[in-house]
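Close look at the chain arrangement
So the chains spell out like this:
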Amino acid sequence: MERKKPFVIDEKIYKRYDERKQLFCRTDVDKEYKNYKREIYEKMSDTIKEKKSGYSRIDYALDSAAWTLYETYKLIPRENIRGLGYYDSYKSLPKYRVEDKEKMSKIIKRVASFFGASLTGITNFDERWVYSYDCNGDKIEIPEKYKYAIVMAVEMDRVGLGSSPSVTSAAATALGYSKITFLVMHLGEFIKSLGYHTIDMLNDTALSIPLAIQAGLGQLGRNGLLITRDYGPRVRICKIFTDLPLEIDHPIDFGVTEYCKNCKLCAEACEVDAISFDDEPSFEIKCSENNPGVKKWYINAEKCYDYWYENGVDCATCITVCPFSKIKQNKPGDFWKI
Ligand code: SF4
Ligand code: SF4
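Just so it is clear, the structure is predicted and the values come from calculations on it, not from any experiment. (Residues numbered from 1 in each chain as written. Chains lettered and ligands numbered in written order. Predicted model: local features only at pLDDT ≥ 70, side-chain atom pairs only at ≥ 80, totals over all residues. Heavy atoms only, no water.)

1. What to know about the overall build of the protein chain
Test applied: Helix numbering and strand numbering both begin at the N terminus, where a helix is a DSSP run of H or I of at least 4 residues and a strand a DSSP run of E of at least 2. In this description the radius of gyration comes from C-alpha coordinates, and the expected globular size is given by 2.2 Å times residues to the power 0.38. Between two residues, a contact is recorded if the distance between any of their heavy atoms is within 4.5 Å. The Shrake-Rupley method, run with a 1.4 Å probe, gives the accessible areas here. Residue values count only the displayed protein chains as cover.
A tally of regular secondary structure across the protein chain gives 13 helices and six strands. For the protein chain, the C-alpha radius of gyration of 20 Å lies close to 20 Å, the compact-globule estimate for 338 residues. The contacts in the protein chain between residues at least 6 apart in sequence include a share of 76% that link residues at least 24 apart. Put simply, the protein chain shows about 17,300 Å² of open surface, and 53% of that area lies on carbon and sulfur atoms.

This is the structure we're talking about:
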């Protein structure tokens, strides 16, 4: 039986995404961009003086601390990350022989869960989702030996996210990033310890959401995010390309597209109308960051990102209000009452 494809793609238009179009990247390297070198936290000192609930010195300290592992990882050259896989005694071992791909996949999922994954899926490597160029303008080419992508999602804290758009919500997002960093570092080392190769990724190198959809973790929502069955969009995603032989998973359909056609809660909740109210997904892009050629509800990422500056911290309201997230929005400051 032929499986339903999870994406509608116009192959004449679609091109691999150039990471230099992405707004975080443009902030770092694009001198023409209006937010070049601007810090999201630039108003922090003034915001703290305003004494708004959810924007205190304590809240900002929590957010800053939650980023720690993610920010540290960015500073370490990948070849300097060392687990047992690099010790001499391990180097002398032959490559682990995979005789049963299904069993190996089960082991990988168990190990991913051990290191903190809430969900793990496996898909074939698909070049369409690999960035064409990275943020520094270097062309990205993945060697042919990488046949599989392991995609993992980590649940983010319900109470923290429920306080969006305040700083405790941003702290829950930050902690999600540090958790996926921990996960990808450790699972990558596990696979290398068996004698195989990995490319360990957070948001870099390839688009996480389409890979996650192909690996059966969920579907694409109106809010532009992966909607998982158990946690909705309340997850952060990381992935590993590897040559370890694995059994693949398949995309799932639990009715998200149909649900989103009528729901529109995220579009109503967004302060800056960055989310489409259109009844149907379409090929119409909404800003220069969008990559045309895929039928979906495109997000106006420029409006969204500008709001983060105005808010003094990143926002997650379109995650919080989504019924699939299964959380209740709380008042800024409620984080500390739990
Ligand atoms: S993160 Fe906030 S500003 Fe951005 S699209 Fe979602 S609700 Fe709108
Ligand atoms: S809030 Fe509603 S419309 Fe938006 S992604 Fe969730 S289910 Fe879809």
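What follows continues from the structure just given.
2. Notes on the side chain of Gln-214
This is how it is decided: Residue exposure (1.4 Å probe, protein chains only): buried if accessible area is under 20% of the type maximum, exposed if over 50%, otherwise partly exposed. Polar contact is defined as a pair of N or O atoms within 3.5 Å, subject to the rule that within protein one atom must be able to donate a hydrogen and the other to accept it, and that residues adjacent in sequence are counted only when both atoms are side-chain atoms.
If you trace the backbone, Gln-214 turns up in helix H9 (residues 208–214). Among the residues examined, Gln-214 registers a relative accessible area of 10% and is labelled buried. Within polar-contact distance, the side chain of Gln-214 engages the side chain of Arg-128 at 3.3 Å. Looking at Gln-214, its side chain comes within polar contact range of the side chain of Trp-129, at 2.8 Å. For Gln-214, the contacting residues outside a window of four places in its chain are Phe-7, Thr-123, Asn-124, Asp-126, Arg-128, Trp-129, Asp-249, His-250 and Pro-251.

3. Digging into the pairing of strand E6 (residues 235–242)
As a reminder of what qualifies: DSSP-based pairing: two strands are paired if at least 2 bridges between them are found.
Of all eight residues that make up E6, eight are buried, and the element is covered over most of its length. Side chains Val-235, Ile-237, Lys-239 and Phe-241 project from E6 onto one buried face, and the interleaved Arg-236, Cys-238, Ile-240 and Thr-242 project onto a second face that is buried too. Direction of pairing for strand E2 (residues 148–155) relative to E6: antiparallel, over a ladder of eight bridges. Each residue of the ladder has a partner; that of Met-152, found in E6, is Cys-238. Two elements, strand E3 (residues 198–201) and E6, share four bridges in a ladder whose sense is antiparallel. Residue pairing in the sheet places Asp-200 in a bridge with Ile-240 of E6.

4. Topic: the environment of Asp-157
Residue placement: Asp-157 occurs in the loop between E2 and helix H7 (158–162). Under the relative-accessibility criterion, Asp-157 is labelled partly exposed at 38%. Remark: the alpha-carbon pair of Asp-157 and Leu-69, spanning 88 residues in sequence, is separated by 17 Å. Sequence-distant contacts of Asp-157, defined by excluding residues within four places in its chain, comprise Ala-172 and Phe-335.

5. Topic: empty space enclosed by the protein
Formally: Method remark: on a 1 Å grid restricted to protein atoms, a set of points is classed as a cavity if a 1.4 Å probe fits but cannot get out and as a pocket if it is open with protein on both sides within 12 Å along at least five of seven lines; lining residues have an atom within 4 Å of a point. Grid points are joined across faces, edges and corners, and a volume is the space filled by probe spheres set on the points. Classes in brief: Ala, Val, Leu, Ile, Met, Phe, Trp, Tyr, Cys and Pro nonpolar; Asp, Glu, Lys and Arg charged; the others, Gly included, polar.
Inspection of every chain in the model, using the stated rule, returns one cavity of 30 Å³ or more. Volume-wise, the largest cavity comes out at about 80 Å³. Forming the walls of the largest cavity are Arg-222, Asn-223, Ile-227, Tyr-259, Cys-260, Cys-263, Lys-264, Leu-265, Cys-266, Cys-322, Pro-323 and Phe-324. Contributing elements (two or more residues each) for the lining of the largest cavity: helix H10 (256–263) and helix H11 (265–269). In terms of residue count, the dominant contributor to the lining of the largest cavity is H10 (three residues). Grouping the amino acids of the lining of the largest cavity by side-chain chemistry returns nine nonpolar, one polar and two charged.

6. Side note on the packing of helix H4 (residues 68–75) against helix H8 (residues 167–193)
Relative orientation and spacing of two packed helices are given, respectively, by the angle between their axes and the distance between those axes. Basically, it comes down to this: Each axis is a line fitted through C-alpha atoms, and for a helix only the stretch in contact is used; angles between axes span 0 to 180 degrees, taken between their N-to-C directions. Comment on the angle field: the value is read as roughly parallel under 35 degrees, roughly antiparallel over 145, roughly perpendicular from 65 to 115, and oblique elsewhere.
For the pair H4 and H8, the least separation of the axes is 6 Å and the interaxial angle reads 50 degrees. Classed by the angle they form, the pair H4 and H8 counts as oblique. Seen from H4, the contacting residues are Thr-68, Leu-69, Tyr-70 and Tyr-73; seen from H8, they are Tyr-177, Ser-178, Thr-181, Phe-182, Val-184 and Met-185. Across the contact of H4 with H8, the residue classes break down as seven nonpolar, three polar and no charged.

7. Regarding the packing of aromatic side chains
Let me state the cut-off plainly: Two rings belonging to Phe, Tyr or Trp (six-membered ring only in the last case) form a pair when the distance between their centres is within 6.5 Å. Interplanar angles under 30 degrees mark stacking, angles over 60 mark edge-to-face geometry, and anything in between is tilted. We call a charge positioned over a ring when the NZ of a Lys or the CZ of an Arg lies within 6 Å of the ring centre and within 35 degrees of the ring normal.
Within the structure shown, the criterion is met by 17 aromatic pairs. For the pair Phe-24 and Trp-308, a centre-to-centre distance of 6.0 Å together with 40 degrees between the ring planes defines the contact as tilted. Placement of the pair is Phe-24 in helix H1 (residues 23–29) and Trp-308 in helix H12 (residues 301–311), with a sequence separation of 284 residues. Judged by centre distance (4.8 Å) and plane angle (80 degrees), the rings of Phe-335 and Trp-336 are edge-to-face. In textbook terms, an aromatic cluster arises when at least three aromatic residues are bridged by ring pairs, as seen for Phe-24, Tyr-305, Trp-308 and Tyr-309. The ring of Tyr-309 has Arg-38 lying over it, and the distance from NZ or CZ to the ring centre is 4.1 Å. When the ring centre of Trp-297 is taken as reference, the NZ or CZ atom of Arg-222 above it lies at 4.5 Å.

8. A look at the site of ligand 1
As a reminder of what qualifies: By convention in this text, a residue qualifies as near a molecule or strand provided that one of its non-hydrogen atoms is within 4 Å of it.
Every residue near ligand 1 is listed here: Cys-270, Val-272, Ala-274, Ile-275, Cys-304, Tyr-307, Trp-308, Cys-315, Thr-317 and Cys-318. Classifying every residue of the shell around ligand 1 gives nine nonpolar, one polar and no charged.

9. Notes on a negative patch on the surface
How we decide: Like-charged residues are merged into a patch within 9 Å and nonpolar side chains (Val, Leu, Ile, Met, Phe, Trp, Tyr) within 5 Å, provided each residue has over 30% relative accessible area and no salt bridge. Within this document, salt bridges are pairs made up of a side-chain nitrogen of Lys or Arg and a carboxyl oxygen of Asp or Glu, the two lying within 4 Å of each other. Charge convention: Lys and Arg are scored as positive, Asp and Glu as negative, and His as well as the terminal groups of each chain are ignored. A charged residue contributes its charge at one atom only: NZ of Lys, CZ of Arg, CG of Asp or CD of Glu.
A cluster of acidic residues, Glu-99, Asp-100, Glu-102 and Glu-247, forms a negative patch at the surface. Note on Glu-102: relative accessible area 46%, which makes it partly exposed.

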